[in-house]
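# Analysis of the macromolecular model
Here are the chains, one letter per residue:
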Amino acid sequence: MVEAAAAAVLAQAAAGLADRPELEPEPSAELAVSAGVDSGVDNSNGSVGNVAIYQVESEGNCDNPKKETPSYQGTAKFPEVIATTQLTYYERYRAYQDYILGDAKPSEVKDFIAEYLEKVLEPYGWQALWSNDMFEVLVEVTDVETSNHRAVVKLTEPFLYESETYPLDAEAMESFLEAKKHLVPLQELYVVSDESGEFDQTALAIEHLRFFFLHIWRNWDEDDDDDFDYFVKCCEPRLKLCYDILEDRVPANLVAEYNRLLSKCEEIYKEFVKLRENISTIDSAPESESNNVSMVEGVQLCEQLEKLKYKLQIMETPLYRYVLCQDSYGLPTKQAKGIRPSGENVIHVVSNSMTITLLQSLLREKLNPDQVNQEHVLEFHSDPLVAVNTCFEGDVVVICPGHYCVNGYFNIADSIQVEGYGPPDDVVLEKEGKGDAFVACTASCVKISNLKFIQHDATEGILCVRKGQVIVENCVFQCDTTGVVLRTSAKLHMKNCDLYGAKGAGLEIYPSSTCELFGNDVHHCKEGIRIKNFMEELYDVPKITMMNNLIHNHEDYGITMAKFTIPFPKRKTPAILTQPISHAEQNQNPQSDFGENNLELGFGSCERQNPAPLLIECSPNKCEQAVVLNPSDAAECDEAVTNELISTSATKREQSRSRINEMVDAVVTDDIMSQEMFLSIVSNHFKKNGKGSFGIVYS
């Protein structure tokens, strides 16, 4: 009620002032709105803009009322506020865990925060910038009510005020404060800087309060059960998510989906609370029909709310969020258009400027009767992204020589062909600004050739094959974070390509995928090829073919196999499948006891032990020094790496056989028993890799 009355007073005062010509600013005066950070105001650099200073002038004798006229001083500015928005994740984490929340339950959170504010805040005597969506005004704090997170304030002299919507004077602002009983939310106060530093802790405490209720607290948290630690279950994962988003480690589509679910959850919760209040007020006829209908609606809203809260919780959990980022599960994806309604195929020609000479060259070399159907329709574009987005299944995009800056990313959902006209260094596609994957493919078959891709400030790979098959030939990839990413169950055929510059792996291969590499040069990355071989109980091993590839000058390994150390519980093997193993056989095949050495089953729980070494790494002392001696030694090193990879594939097959015998209550076919990771690995060269040519990393 107080807030509604205050808003009414503010609107009435603004309307009244608008009718008073003496209070209108001079035409030459302009009000500048200060820039904010994290929904607040960061005036640490002092560049806030001009503000209005209202001075009280007395006209006539004492029988006449005092008249307030505004005078706009171009040089006057708000005082500098204490900058608190640039706190790191660890600083906020430590503050919430050690000083603010501790082991508070959901129902105790606000009490814990009030107790923290009581200890830290200066009770009076400090100035602050009161900033909200309507105005900014300089005030002085005279008292603090930590129980409801509010402060008692009064206007300062001179009166500093700024607003684009409500041009108020000191009298109107005083009326507005009186309607609010001079109480303002602490979250809307930004402490003015003081040379003594006496109020720095006050500013920091208010920043923690503001950040908490803006990014971490949810209105429905208080309704949850009190059987868990709020910091561990809610605060920590939401804080991590917030910083992952701020540091561009979460794809934009996942962020948009999270915000959409959060907004929808807030709307449903408001409806639920309103309905609950209406039901509680109906005491006269508890068995009435309207009350029963309201109860049913309340149950339905509660079910919807729980489903949305569960989805939000999944996205807030770092491990689940990682899986969502990798598989794009549950996220809106581009739908394939299919065949054009007219049934015809179109050739899209992209060029910065089309000349007669270039067109004749295209018709002679690329669009001649021997290569394309003369009935195809030609469309001309200047933006390659527009050309790809207008494609239907079966279309071809021909990009002429030039340097194209792409504002966005290619999301290819139809089977099309994209090729450059000329060598790849002459047809350059460079991504502008930050973003996710540069090229994302979900079509059944996409072919990309003769192009150079340049990526900056990315959160995903330069080329991401989410599903379907992609054929890449004669391309250059200048990467940023990760190079080419091959998702689960997708297929990649990569031939004669140059890939370099990735801060992660040049090529990431996920389980159950198929990867064929022929004659590629992968160099100067953090890692060359990273094979993510995890969740063996859920996914098959990837199928990899490598021939005539050059993998060199990587900071870590040339080829890295990433495995999870999370153990899986064994199921009891039926007696019919159990066969005795002699001591000699066990010594000949020590890997058959791999599961027994790493898992201990006790009342439904697993205890992790140190993983047994699966193979001896090809270390720099054994391989990399031999590479630089002479061609014969280099050939021996490459052969050694090949043998290690084949050995690892055989080891995987034996582990698969052992695992299936222990965990599956059925007869296993020979096809599953004989699966191998490397189908073919011939004539590949590994040179000058920092940690060696091949290694296994446990995470």
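Cut-offs used in this document
Residue numbers run consecutively from 1 along every chain, following the written order of its sequence. Local features in this predicted model are restricted to residues of pLDDT 70 or higher, and side-chain atom pairs are both shown and tallied only at a pLDDT of 80 or more, whereas totals for entire chains, interfaces and linings draw on every residue. The side-chain quantities take in all heavy atoms of the structure and omit both hydrogens and water. Working definition: helices are DSSP H or I runs of at least four residues, strands are E runs of at least two. Numbering for both runs from the N terminus. Partly exposed residues are those whose accessible area sits between 20% and 50% of the maximum for their type, while under 20% is buried and over 50% is exposed, using a 1.4 Å probe and protein chains only. Whether two residues are in contact is decided by their heavy atoms: any pair within 4.5 Å suffices. Only the protein chains shown count as covering a residue, and every accessible area follows the Shrake-Rupley method with a 1.4 Å probe. At least two bridges found by DSSP between two strands are what make those strands a pair. Each axis is a line fitted through C-alpha atoms, and for a helix only the stretch in contact is used; angles between axes span 0 to 180 degrees, taken between their N-to-C directions. Residue types Ala, Val, Leu, Ile, Met, Phe, Trp, Tyr and Cys, when buried and joined through side-chain atoms within 4.5 Å, form a set referred to as a nonpolar core. To pair, rings of Phe, Tyr and Trp, with the six-membered ring standing in for Trp, must have centres within 6.5 Å; the planes then decide the type, stacked if under 30 degrees apart, edge-to-face if over 60, and tilted in the middle. Patch rule: a residue counts if its relative accessible area is over 30% and it has no salt bridge; like charges are joined within 9 Å, and nonpolar side chains (Val, Leu, Ile, Met, Phe, Trp, Tyr) within 5 Å. By definition here, a salt bridge exists when the distance from a side-chain nitrogen of Lys or Arg to a carboxyl oxygen of Asp or Glu is within 4 Å. In this tally, Asp and Glu contribute negative charge and Lys and Arg positive charge; neither His nor the terminal groups of the chain are included. Charged groups are reduced to one reference atom each: NZ for lysine, CZ for arginine, CG for aspartic acid, CD for glutamic acid. Relative orientations are named as follows: roughly parallel for angles under 35 degrees, roughly antiparallel for angles over 145 degrees, roughly perpendicular for angles from 65 to 115 degrees, and oblique for any other angle. Crossing handedness is defined as follows: a turn of the near helix away from the far one that is anticlockwise and smaller than a right angle gives a left-handed crossing, while the clockwise case is right-handed. Residues were grouped as follows: Ala, Val, Leu, Ile, Met, Phe, Trp, Tyr, Cys and Pro as nonpolar; Asp, Glu, Lys and Arg as charged; and all remaining residues, including Gly, as polar. For every residue, the predictor reports its confidence as pLDDT, a number between 0 and 100. To estimate the expected span of a helix, subtract one from its residue number and multiply by 1.5 Å.

### Let's talk about the overall build of the protein
If you tally the helices and strands in the protein, you get 16 helices and 36 strands. A buried classification covers 47% of the 699 residues belonging to the protein. Expressed as a percentage of contacts within the protein between residues at least 6 apart in sequence, the contacts between residues at least 24 apart total 67%. Just so you have it, the protein exposes about 35100 Å², and 51% of that area is on carbon and sulfur atoms.

### Focus on the sheet that holds strand 27 (residues 521–523)
Reading across the sheet, the eight strands line up as 12-15-18-21-24-27-30-35 and stay open at both edges, with parallel pairing between neighbours. The outermost strands of the open sheet, each flanked by one partner alone, are strand 12 (402–406) and strand 35 (685–687). Strand-to-strand twist across the sheet, computed as the mean angle between neighbouring axes with direction ignored, equals 10°. Inspection of the sheet shows strand 21 (residues 476–478) paired to strand 24 (residues 498–500) by three bridges, in the parallel sense. Opposite Gln478, over in strand 24, you have Tyr500 as the bridge partner.

### A short note on the nonpolar core
Residues Phe453, Phe477 and Leu492 are the most contacted members of the largest nonpolar core, which totals 69 residues. It is strand 11 (residues 396–399) that contributes the most residues to this core, four residues altogether. In contact with Phe477, other than residues within four places in its own chain, are Phe453, Ile462, Leu463, Val472, Met494, Cys497, Asp498, Leu499 and Tyr500. Within the second largest apolar cluster, 53 residues are counted, among which are Ala128, Tyr161, Ile206 and Phe213.

### So, the packing of aromatic side chains
Tallying each qualifying case throughout the model produces 19 aromatic pairs. The interplanar angle of 75° and the centroid separation of 5.8 Å between the aromatic rings of Tyr89 and Tyr243 together place this pair among those described as edge-to-face. Of this pair, Tyr89 sits in helix 2 (residues 89–100) while Tyr243 sits in helix 6 (residues 230–246); the two residues are 154 residues apart in sequence, bridging distant segments of the chain. With relative accessibility at 26%, the residue Tyr89 sits in the partly exposed group.

### A look at the environment of Val153
If you trace the backbone, Val153 turns up in strand 5 (residues 150–155). Counting along the chain gives 10 residues from Val153 to Asp143, while the straight-line C-alpha distance between them is 7.2 Å. Not counting residues up to four positions away in its chain, the partners in contact with Val153 are Val139, Glu140, Val141, Thr142, Leu177, His182 and Val184.

### A word on the pairing of strand 9 (residues 346–350)
Consecutive side chains along a regular strand alternate between the two faces of the sheet. Counting buried residues in strand 9 gives five out of five residues, a clear majority hidden from the surface. Of the two faces of strand 9, the one carrying Val346, His348 and Val350 and the one carrying Ile347 and Val349 are both buried. Pairing geometry for strand 9 and strand 10 (residues 377–381), over five bridges, is parallel. Its bridge partner lying in strand 10, Val349 is registered against Phe380. Direction of pairing for strand 9 relative to strand 11: parallel, over a ladder of four bridges.

### Here's the deal with a negative patch on the surface
Residues Asp103, Glu108, Asp111, Asp225, Asp226 and Asp227 make up a contiguous surface patch of negative charge. Inspection of the secondary structure puts Asp111 in helix 3 (residues 109–120).

### Some thoughts on the sheet that holds strand 10
Spatially, 10 strands are ordered 10-9-11-14-17-20-23-26-29-34 in an open sheet, and the strand pairing comes out parallel. Strands at the two margins of the open sheet, each flanked by one partner only, are strand 10 and strand 34 (678–682). Taken over all neighbouring pairs, the strand axes of this sheet differ in orientation by 10° on average, direction set aside.

### So, the packing of helix 2 against helix 6
The contact between helix 2 and helix 6 brings their axes to 11 Å, and the two run at 165°. Taken together, helix 2 and helix 6 sit at an angle that is classed as roughly antiparallel. As for the relative orientation of helix 2 and helix 6, their crossing is right-handed in sense. Together, Tyr89, Arg92, Tyr93, Tyr96 and Gln97 of helix 2 and Phe231, Cys235, Glu236, Leu239, Lys240 and Tyr243 of helix 6 make up the contact between the two elements. Partitioned by chemical class, the residues of the contact of helix 2 with helix 6 number seven nonpolar, one polar and three charged.

### Remarks on the environment of Phe199
Residue placement: Phe199 occurs in the loop between strand 8 (189–191) and helix 5 (200–216). With a relative accessible area of 10%, Phe199 lands in the buried category. Note: C-alpha distance between Phe199 and Ile82 (117 residues apart in sequence) is 8.8 Å. Once residues lying within four places of it in the same chain are set aside, the contact partners of Phe199 are Ile82, Glu122, Gly125, Trp126, Val191 and Asp194.

### A closer look at the pattern of salt bridges
For the structure on display, the rule yields 20 salt bridges. Ionic pairing is found between Arg238 and Glu316, a salt bridge with its closest N-O pair at 3.4 Å. Of this pair, Arg238 sits in helix 6 while Glu316 sits in helix 8 (residues 289–316), placing them 78 residues apart in sequence. You'll find Arg238 and Glu316 in the same group, each marked buried. Between Arg260 and Glu257 there is a salt bridge, with the nearest N and O atoms lying 2.9 Å from each other. Separated by three residues within a single helix, Arg260 and Glu257 lie in helix 7 (residues 252–281), roughly one turn from each other. Connected via shared salt-bridge partners are Arg218, Asp221, Arg238 and Glu316.

### Quick word on the confidence of the model for the protein
Here the protein shows a mean pLDDT of 75. Residues at 70 or above account for 68%. Contacts for the low-pLDDT stretch residues 566–636, under 50 throughout, to residues beyond four places or in other chains number 94 contacts. Low pLDDT, under 50, characterises residues 656–675; the predicted model gives this stretch 30 contacts beyond four residues in sequence or across chains.

### A closer look at helix 6
If you check helix 6, its first and last C-alpha atoms are 23 Å apart, about what 17 residues at 1.5 Å a residue would give, namely 24 Å. What helix 6 keeps buried is the set Tyr230, Phe231, Cys234, Cys235, Pro237, Arg238, Leu239, Leu241, Cys242, Tyr243 and Asp244. Looking one or two places after helix 6, you find Asp248, whose phi comes out positive at around 60°.

### Details of unusual backbone geometry
Residue Pro158 is bonded to the preceding Glu157 through a cis peptide linkage, with omega at 0°. In this fold, Pro158 is placed in the loop between strand 5 and strand 6 (159–162). The backbone of Ser489 shows a phi angle near 70°, a positive value even though the residue is not glycine. Within the secondary structure, Ser489 sits in the loop between strand 22 (484–486) and strand 23 (491–495). Since its relative accessible area comes to 49%, Ser489 is described here as partly exposed. A positive phi angle, close to 55°, is found at His524, a residue other than glycine. On the secondary structure map, His524 appears in the loop between strand 27 and strand 28 (527–532).

### Brief notes about the packing of helix 5 against helix 6
The axes of two packed helices give the description: the angle between them and the distance between them. It is the contact of helix 5 with helix 6, at a shortest axis distance of 10 Å, that shows an interaxial angle of 90°. Taken together, the axis directions place helix 5 and helix 6 in an arrangement best described as roughly perpendicular. Residues Phe211, Phe212, His215 and Ile216 of helix 5 lie in contact with helix 6, whose contacting residues are Tyr230, Cys235, Arg238, Leu239, Cys242 and Tyr243. Across the contact of helix 5 with helix 6, the residue classes tally to eight nonpolar, one polar and one charged.

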